[in-house]
Amino acid sequence: MTDLSFQLYSARNFTPLEAFLPKLAALGYTQVEGYGGLYADAAGLAANLKQNNLTMPTGHFGLTQLQDTASALKIAETLGMKTLYCPHIGVEGRSTDESKWIELAETLSGLVETFKAEGHGFGWHNHDFEFVPTTSGRTPMEILLDTATNIEWEADVAWIARGNANPNDWFDKYGSRITAVHVKDLAPAGQLADEDGWADVGFGTLNWDSLIKDVTAKTQAKYFVAEHDNPADAERFASRSIATAKKWK
């Protein structure tokens, strides 16, 4: 396994970012993952990362940001990103049948060629709604990957589990498409409601000691990104999660 990265979205409520980055570096992080709200001053962000010996090999970009490909490429180049992932689609872009998912897949398939031509990887990042079958019986995740055969997948393992799917089944079927994973954990049922039911990595219900072996054996993941969607204490989450990951090396 490579070094654990940190999705900066996890620290969005703990500003300023300039004060949080040194804490990540002190804990042993060398990589972070960006998200759309951080890119307004990409040059300033790049300078802050460099000052703390951090790199940003991956980043999340909303679909609208990605469709402005020239701007997205400039951001990626400024921050030294290798791979861009589209992280979400709103309810207006979803459908109970296959139609909007096929439309989204075709859009993503077109975008990947643009980014690939400039030397960048490009893919999709899942939540749980991609695992709810459409009226045809196929899930949105299958539709996206089977229609857009040229995109990569950043598999958010805890969201797969929250979508009532077995992560290993998806590793087995699409492992060759998975180039990154979100290392994330679920709290026991009814616990940590104030943190939306998420847990620090290694402190929840997912068996990450086993899962990390499955990920490394069955997928092409190069990036392992710690994320918590709503931590009460981002530094606690960062500290406990990297301590768990260090046991895997």
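Preceding block: the structure.
About the criteria used
- Residues numbered from 1 in each chain as written.
- Predicted model: local features only at pLDDT ≥ 70, side-chain atom pairs only at ≥ 80, totals over all residues.
- Heavy atoms only, no water.
- Salt bridge = Lys/Arg side-chain N within 4 Å of Asp/Glu carboxyl O.
- Helix = DSSP H or I, 4+ residues; strand = E, 2+ residues; numbered from the N terminus.
- Buried < 20%, exposed > 50% of the residue type's maximum accessible area, 1.4 Å probe, protein only.
- Pairing = 2+ DSSP bridges.
- Axes fitted to C-alpha atoms, helices over the stretch in contact; angles between N-to-C directions.

*Asks:* How should I be thinking about the pattern of salt bridges in this particular structure?
*Replies:* Side-chain pairing between opposite charges can occur once the charged atoms of the two side chains come close. The tally for this structure, following the rule as stated, stands at eleven salt bridges. Residues glutamate 227 and lysine 184 are paired through a salt bridge, measuring 3.0 Å at the closest nitrogen-oxygen approach. With glutamate 227 in the loop between β10 (223-226) and α10 (234-246) and lysine 184 in the loop between β7 (178-183) and β8 (185-186), this residue pair connects regions lying 43 residues apart in the sequence. For the pair glutamate 227 and lysine 184, one class covers both residues: buried. One connected set of salt bridges, linked through shared partners, spans Asp156, Lys184, Glu227 and Asp229.

*Asks:* For this particular structure, what's the right way to read unusual backbone geometry?
*Replies:* Trans is the prevailing form of peptide bonds, just as negative phi is the prevailing case for residues other than glycine. Residue proline 16 follows threonine 15 across a cis peptide bond; omega there is 0°. Along the chain, the position of proline 16 falls in the loop between β1 (4-7) and α1 (17-27). Positive phi is not limited to glycine here, since asparagine 164 has a value of about 60°. Position of asparagine 164 among the secondary structure elements: in the loop between α7 (157-162) and α8 (167-174). The class of asparagine 164 is exposed, set by a relative accessible area of 76%.

*Asks:* Mind showing me how you'd approach the sheet that holds β1 here?
*Replies:* Either a parallel or an antiparallel arrangement is found when strands of a sheet pair, and the pairing is made through backbone hydrogen bonds. Around the barrel, which closes on itself, the eight strands sit in the order β1-β2-β3-β4-β5-β6-β7-β10 with parallel pairing between neighbours. Pairs of neighbouring strands in the sheet enclose a mean axial angle of 30°, with direction left out of account. Relative to strand β5 (residues 121-125), strand β4 (residues 83-86) runs parallel, the two being bridged by four bridges. Counted as the bridge partner of cysteine 86 is tryptophan 124 from β5.

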